[in-house]
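# Observations on chain architecture
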Amino acid sequence: MDIKLTFMGAARGVTGSRYLLEYAGTTLLVDCGLYQEREFQYRNWEPFRCSPKKLRAVLLTHAHLDHCGLLPKLVKDGFRGRVICTPATADIVKIILMDSAKIQEEDAAYKKKRHLREGRKGKYPEVPLYTAADAEACMSLFTPVEYDRPVVVADGIEATYHDAGHVLGSSMIKLRFTGNGEKRSIVFSGDIGRWDRPMLEDPDVFKRTDYVVMESTYGDRRHEGTDEIGGKLAEIINEAFRAGGNIIVPSFALQRAQEILYYLNDMLMAKKIPPLDVYVDSPMANKITEVYKRYGELYDEEMQKLLRLNRSPFSFPGLKTVETVEESKRLNELKGTHMIIAGAGMANGGRIKHHLANNISSPESTVMFVGYQAAGTLGRLILDGAQTVRIHGVQYPVRAHITRLEGLSAHADRDELLKWISRLSAHPKHVYITHGEESSAESFSSFLHEQTGYETSVPHYGDTVTLD
């Protein structure tokens, strides 16, 4: 049996998840993600290493931009196959792609205007990577599938989606290949969630598979403060009230924004923080929250109990949604202490950059990071202690209080990753470690081999392996 696997993304890096599979004349992609690290963003513009017209299907693990965000370009370049994912993922991806296309168009127009003003000619960022029309062209290609129900992708190829416990609708995908009397299986972990977390079910585990492609975002560390999230959040908010400034929260629109609302609701109910106006300045996050409301069957028992008691974290007093640009601009006039949650999570685009520009030089303001910040992103620069940062072409001194709310990650840490893969009852033939910065992936690869004896490796970008 000859199955070729090419690592077209998320190899020794965290974003741009893309895996090409070739078997018996059929080509598939698992994920079609956007690169977000600045050093790798040029890869978004490169031609695909396979012909989009010849691809049978794209199998999406979940709706984060680094897993689905290059779909419009794939369709623009000729892809007309199926996009297979869970119903919740399909609903959220459609929102995320339209938002991403809008940002692509707005950023390109802004940069072109700035380059003209500065008298210099820019390169590819002056035109959008894709447009809203390109994103819209993806919508008719989605084929929703339920968890635990096998779907035939092509002759001799079957896929089953399992709950990853990472974000709403997120999946691990087990592919089974049959032919010439032989069978092989490979599990793509997607992003692995965590056990005993609010809102979502625990991640599914597997008993047997031949190969594993496994993420390693936090493969070199353990999450700290998981049991102290509410208390730490209350501490940050109460300190901000004492300082008298805003709390600016760069947040991913999917899962992270909803989880912050969960903990805010919890702290407000427990009266551990004063009444607080919370502005979700992200049309995308607001739309995604509406999707969350429709899929109550995917929640864990704790979240379902809150809904039964009419204590939904999506409707507490003081919670306000911001839709228009005009409404967003008026937030600049707020006096006192308010929380503004806006995208993007790594501060590399969207409305959050405007709020950072307005607050980052104010000593009374707080910037609270709530998620992973990839190397090279604006968020990472700020979190690493940059004295000044460039936002929309202007250098701003960093005077605001910079903090990080630990423990919120939706990614399993090193020990949780080990827990997940250790449920296998038999050794896989090989485990490929991906979706982590190089140091993290290498560290986890060595750790996993030492702990289990599994054969592991960390592929490079563009590597092709044959699964026999």
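Conventions adopted
- Residues numbered from 1 in each chain as written.
- Predicted model: local features only at pLDDT ≥ 70, side-chain atom pairs only at ≥ 80, totals over all residues.
- Heavy atoms only, no water.
- Salt bridge = Lys/Arg side-chain N within 4 Å of Asp/Glu carboxyl O.
- Helix = DSSP H or I, 4+ residues; strand = E, 2+ residues; numbered from the N terminus.
- Buried < 20%, exposed > 50% of the residue type's maximum accessible area, 1.4 Å probe, protein only.
- Pairing = 2+ DSSP bridges.
- Axes fitted to C-alpha atoms, helices over the stretch in contact; angles between N-to-C directions.
- Contact = heavy atoms within 4.5 Å.
- Expected span 1.5 Å × (residues − 1).
- Patch = residues over 30% accessible without salt bridge, like charges linked within 9 Å, V, L, I, M, F, W, Y side chains within 5 Å.
- Areas by Shrake-Rupley, 256 points an atom, 1.4 Å probe, with all protein chains shown as cover.
- Lys, Arg positive; Asp, Glu negative; His and termini not counted.
- Charge placed at Lys NZ, Arg CZ, Asp CG, Glu CD.
- Phe/Tyr/Trp six-rings, centres within 6.5 Å; stacked < 30°, edge-to-face > 60°.
- Lys NZ or Arg CZ within 6 Å of the ring centre and 35° of its normal.
- Polar contact = N/O pair within 3.5 Å; in protein donor to acceptor, adjacent residues only side chain to side chain.

A side chain with one charge can pair with a side chain of the opposite charge if their charged atoms come near. Taken as a whole, this structure holds 19 salt bridges when the rule is applied. In this structure, the salt-bridge partner of E442 is R12, at a minimum N-O distance of 2.8 Å. Of this pair, E442 sits in helix α13 (residues 438-452) while R12 sits in the loop between β1 (3-7) and β2 (19-23), placing them 430 residues apart in sequence. Two residues, R184 and E182, come together in a salt bridge whose shortest N-O distance is 3.5 Å. Overall, R184 belongs to the buried group, its relative accessible area being 17%. The network of salt bridges with common partners includes R12, E438 and E442.

The next subject is the sheet that holds strand β22 (residues 464-467). A sheet is described by the order of its strands in space; here seven strands give the open sequence β6-β5-β4-β3-β2-β1-β22, paired in mixed fashion. Strands with a single pairing partner mark the edges of an open sheet, and in this sheet they are β6 (142-144) and β22. Put simply, the sheet's adjacent strands are angled 25° from each other on average, direction ignored. Two strands pair when backbone bridges link them, and strand β5 (residues 82-85) and β6 are joined in this way by three bridges, in the parallel orientation. Residue pairing in the sheet places I84 in a bridge with T143 of β6. Helix α3 (residues 87-118) rests against β5 and β6 of the sheet, and its axis sits at about 150° to β6.

What follows concerns helix α6 (residues 256-269). Spanning 14 residues, α6 covers 20 Å between terminal C-alpha atoms, matching the ideal 20 Å at 1.5 Å per step. Of all 14 residues that make up α6, twelve are buried, and the element is covered over most of its length. Once α6 ends, the next one or two residues include K271, with phi positive near 60°.

Together, E224, D227, E228 and E406 make up a region of like negative charge exposed at the surface. Secondary-structure assignment places E224 in the loop between β11 (211-215) and α5 (229-243). Given the relative accessible area of 52%, E224 is considered exposed.

Glancing now at the packing of aromatic side chains. Evaluation of the coordinates by the stated rule reveals eleven aromatic pairs. Aromatic pair Y262 and Y263: ring centres 5.6 Å apart, planes at 80°, arrangement edge-to-face. Of the two residues examined, Y262 and Y263, each falls in the buried class. Among the aromatic residues, ring-to-ring pairing joins F7, Y19, F188 and Y432 into one connected group. Above the plane of the ring of Y461 lies R49, whose end atom (NZ or CZ) is 4.5 Å from the centre. Taking the ring centre of F447 as reference, the NZ or CZ of R414 above it sits at 4.4 Å.

Moving on to the environment of E323. Position of E323 among the secondary structure elements: in the loop between β14 (319-321) and α9 (325-330). The class for E323 is partly exposed, based on a relative accessible area of 34%. Sequence-distant contacts of E323, defined by excluding residues within four places in its chain, comprise P283, N286 and R351. For E323, the side chain forms a polar contact with the side chain of N286, separated by 3.1 Å.

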